[in-house]
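Here is what each chain is made of, one letter per residue.
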Amino acid sequence: MGSRYAVENPTIGAVVVARMKSSRLPGKSMIDIEGYPSLGWLVDRISKSTTLQHISIATTDDPADDPIEDYALDHGLLCYRGSMEDVLGRVHGAVQHAGFDVVVHLTGDCPLLDPSIIDRAVVAFLERDLDYLITNPEQHPRGLDTEVFWATALADVEASYDDPWIREHVTEPLYTTPDRYSAGRLDAPDELHRPDYRLCIDTPEDYALIDNIAKHFAPERFFPAKAVMELLDGRPDLVAINSSIKQKKYNAAVIGLGQIGSTYDQDPKLGKRVSTHAGAYLRYGKTRLAAGVDQDPSAREVFRSMRKVQDVYTSFEELLDAQTPDLVSIATHTSSHAELCDRALDAGIKVIFCEKPFVDDLEAGQRLLEKADAAGAIIAVNHWMRWSPLFRELRDYIRDGRLGEVMSVRLHYSRGSMNSGSHAADLVRFLFGEVAGVRATERMELDTGDPNIGGILELESGALVHLTIGDYHHHFTFDLDIIGSLGRVHVHDEGVDFWRVAEGERANDIRSLLKAPSPFEEEPVTDFTAPVEELVNVLDFGTGSISCTGADGLAAVRIIKTLQASWEQGCARLTFDQQHVVTESGENP
C-alpha cells in the first residue's frame with residue numbers, strides 16, 4: 001500500500017538528536033575526536049549526502065546543552081531546543097521549526113555515519129512508498145543507524161500517544177503498528193553486514209574505539225564506512241575494545257501495583273518526577289515495562305489502563321509461566337519480600353529491585369544474599385535517599401571534612417520503625433558510616449502495626465545520632481540536623497538551612513555559627529530512573545556499582561531490629577561485633 005502521508009517534491013532534512021548529559025560518557029556530543037567535536041564529525045560527514053537539503057540539531061532546554069546550540073548556529077545549522085523529558089515532542093518541534101516533509105532521524109552519538117547510507121535509505125523510502133524505513137539493525141553495525149519517515153506521520157504519532165515509553169522512543173508506533181503505518185527495512189550490503197560492531201559513542205570504551213579509528217585515518221575525516229569495516233576486520237584488537245558493551249532493551253516486571261509500584265505517578269503534586277517502579281521502567285530508555293503482578297483485580301485494571309501494559313498477572317508464578325523478565329521490582333508488603341526474592345532467584349532473574357524494608361527476618365535476608373551471590377545475581381533495595389543529589393552532596397561534604405568533626409546528629413521520623421525508621425537507619429550509615437551500638441529510649445504505637453522506636457545510635461567514629469519520633473497522623477516529618485565543628489546543616493520539609501563558623505563574633509574570640517547560603521541541592525527528592533540506570537549497567541556489563549545493595553538493606557533492618565530488642569530488654573545498650581551479632585553491654589553510650 002502507498003503512504004497516505006506522501007507529498008510531491010518533498011523537502012528532505014535530517015534531525016540530529018543530541019545532548020551533553022550522559023551517565024556513561026558525559027559531554028559525548030561534543031567530545032574531542034582528533035581535534036573535532038563528535039557532533040562536528042557527524043554533521044560534516046552527512047553534509048556530503050546528495051539527498052539531504054537541510055540539517056537541524058534537536059537538543060534540550062537544559063543550560064548544559066548550550067554548547068550544542070552554539071555549535072549549530074556557528075556552523076549555519078538549524079537548531080531547536082525542547083523538553084528534556086519529552087524526546088518525541090522535541091523531534092516533532094524540530095521538524096515543524098524546519099519545515100521538513102521527509103525526516104531523516106539520526107542520533108548525535110554516531111560520528112562515523114556514512115552519507116551514502118542516508119542516500120540509500122532516502123531513495124528506498126521514496127521508491128517503496130512507505131510511511132517509515134530503518135536501516136536493518138540486525139545487519140548494520142550500531143552507529144550507522146538511519147530512520148526515514150514522513151513528517152506528517154510523526155505528527156500523527158505525536159498527537160496520538162502520551163505514553164512515556166513512546167514519548168521517549170519517538171518512532172516506535174511507526175514500526176510496531178502495521179495496521180496504521182507501513183514500515184520497511186533497508187538491508188545492509190555485504191561489505192557493511194557487521195551487526196556485532198559498535199561505531200556509536202555511548203561509553204568510554206566506544207569512545208576509545210572511535211578515537212583509534214580516527215587516528216588510523218587521520219587527517220582524513222571523510223572515509224567511507226566500508227573502509228572502517230575493512231580496518232576492523234583485520235584488527236580484532238580494535239574490535240575487542242568495546243565488544244563487551246551490550247545494546248539491548250531489558251524487559252522489566254513490577255510485582256505489587258500499589259502506590260510505590262505504579263500509582264504515585266498520578267499525584268499532580270509530584271510534577272514530572274518519576275516516583276514509581278513502573279514509571280521508571282517506562283521512562284528509562286533501555287527498559288521495557290513488560291508485565292505487572294497483583295492479587296487485587298482493581299489494581300491490575302488500573303495498571304493496565306494507566307500503563308498500557310496488557311500482560312498483567314495475579315501471581316508471580318503465573319508471570320513466570322508466561323515469561324522470564326530480565327529484572328523485577330518487588331513492591332509488595334514486607335512480609336512477602338523474602339519469598340518473592342527467593343522465587344526470582346530460582347527463576348534465574350539476575351537483577352532484583354526490592355522495596356524497603358528489605359526483609360522482616362534477618363536470617364532469611366542473609367540466606368538470600370548468599371543465594372544471590374552464588375547465582376551471580378544482584379539484589380538492590382530502594383532506600384531512595386542514596387540516589388538523592390542532596391544527600392550525596394551532603395555525604396561528600398561530611399567525608400571531605402568541610403563540616404569539621406561531627407559533634408551532634410538528630411534525625412526525626414514519624415511512620416513506623418521498619419518503614420520510615422529503616423530509611424533513617426540507612427541514611428545514618430550512608431552519611432556517617434557503620435553503627436557500633438544502639439539503645440532505645442522511647443516507643444510509640446501506631447495504627448499501622450509498625451511502632452516507632454526512638455533511641456541513640458552510636459557510630460564507630462564515636463559520634464552519637466539521636467533518633468526522635470512523632471505520630472505521622474499529626475504530620476509526616478523526616479527531619480535531619482547535623483552540627484559539626486565547622487558548621488551546621490538542617491534538612492527539613494521546606495528545604496535546607498546552613499550555618500558556617502564565623503571567627504571572633506563574640507567576646508574572647510569565641511566563634512559563632514552564622515546563617516549562610518546553602519551549598520547543597522534544595523530538593524532532597526530524586527527521580528526513580530536513577531536506580532534503574534544502575535541496574536541496567538549491571539545487566540549491560542555484568543558488574544557495576546549499586547548505591548543501595550541487599551547488604552545495605554539488611555544492615556538497616558538489623559539496626560531497627562536491634563533497637564526493638566533494646567526496648568524489649570529494658571533499653572539496654574546493644575552492640576554489633578564484626579559478624580553483626582547483637583551483644584549486650586552494661587555501659588551507656
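Before reading further, recall that the structure is shown in the block above.
No experiment lies behind these values; they were computed from the predicted model shown.

Conventions we followed
Residues numbered from 1 in each chain as written. Predicted model: local features only at pLDDT ≥ 70, side-chain atom pairs only at ≥ 80, totals over all residues. Heavy atoms only, no water. Pairing = 2+ DSSP bridges. Helix = DSSP H or I, 4+ residues; strand = E, 2+ residues; numbered from the N terminus. Salt bridge = Lys/Arg side-chain N within 4 Å of Asp/Glu carboxyl O. Buried < 20%, exposed > 50% of the residue type's maximum accessible area, 1.4 Å probe, protein only. Contact = heavy atoms within 4.5 Å. Axes fitted to C-alpha atoms, helices over the stretch in contact; angles between N-to-C directions.

1. Some thoughts on the sheet that holds strand S11 (residues 287–293)
Move 1: Taking strand neighbours across the sheet as the criterion, the six strands line up as S12-S11-S10-S13-S14-S15 in an open arrangement whose pairing is parallel. A single partner strand is all that each edge strand has here, and the edge strands are strand S12 (312–313) and strand S15 (378–382).

2. Considering the pattern of salt bridges
Move 1: Evaluated as defined, the whole model comprises 35 salt bridges.
Move 2: In this structure, the salt-bridge partner of Glu69 is Arg81, at a minimum N-O distance of 2.8 Å. Of this pair, Glu69 sits in helix H2 (residues 66–74) while Arg81 sits in strand S5 (residues 78–82), placing them 12 residues apart in sequence.
Move 3: A residue is classified by how much of its surface remains accessible, and Glu69, at 24% relative accessible area, is partly exposed.
Move 4: Here Arg81 falls in the partly exposed class, since its relative accessible area comes to 22%.
Move 5: Between Glu339 and Arg343 there is a salt bridge, with its nearest N and O atoms 2.1 Å apart. Taken together, the residues Glu339 and Arg343, both in helix H14 (residues 337–346) and four residues apart, mark about one turn of the helix.
Move 6: For Glu339, a relative accessible area of 43% corresponds to the partly exposed category.

3. Points about the environment of Leu535
Move 1: Following the sequence through the fold, Leu535 ends up in helix H18 (residues 529–541).
Move 2: Take Leu535: its relative accessible area is 2%, and that puts it in the buried class.
Move 3: Sequence-wise, Leu535 and Leu327 are 208 residues apart; in three dimensions their C-alpha atoms are separated by 8.4 Å.
Move 4: For Leu535, the residues in contact, after removing those within four places along its chain, are Leu327, Val351, Phe353, Ala380 and Ile546.

4. Re the sheet that holds strand S4 (residues 54–60)
Move 1: Read across the open sheet, the seven strands follow the order S5-S4-S1-S6-S8-S7-S9; overall the sheet is mixed. What marks the edges here is a single partner per strand, and that holds for S5 and strand S9 (183–186). On average, adjacent strands in this sheet sit at an angle of 25 degrees to one another, irrespective of strand direction.
Move 2: Summarising the sheet, S4 and S5 pair through five bridges and their orientation is parallel. From the neighbouring strand, Ile57 faces S5, where its bridge partner is Cys79.
Move 3: Each of strand S1 (12–17), S4, S5 and strand S6 (102–107) touches helix H3 (residues 87–98); the most contacted strand, S5, lies at about 145 degrees to it.

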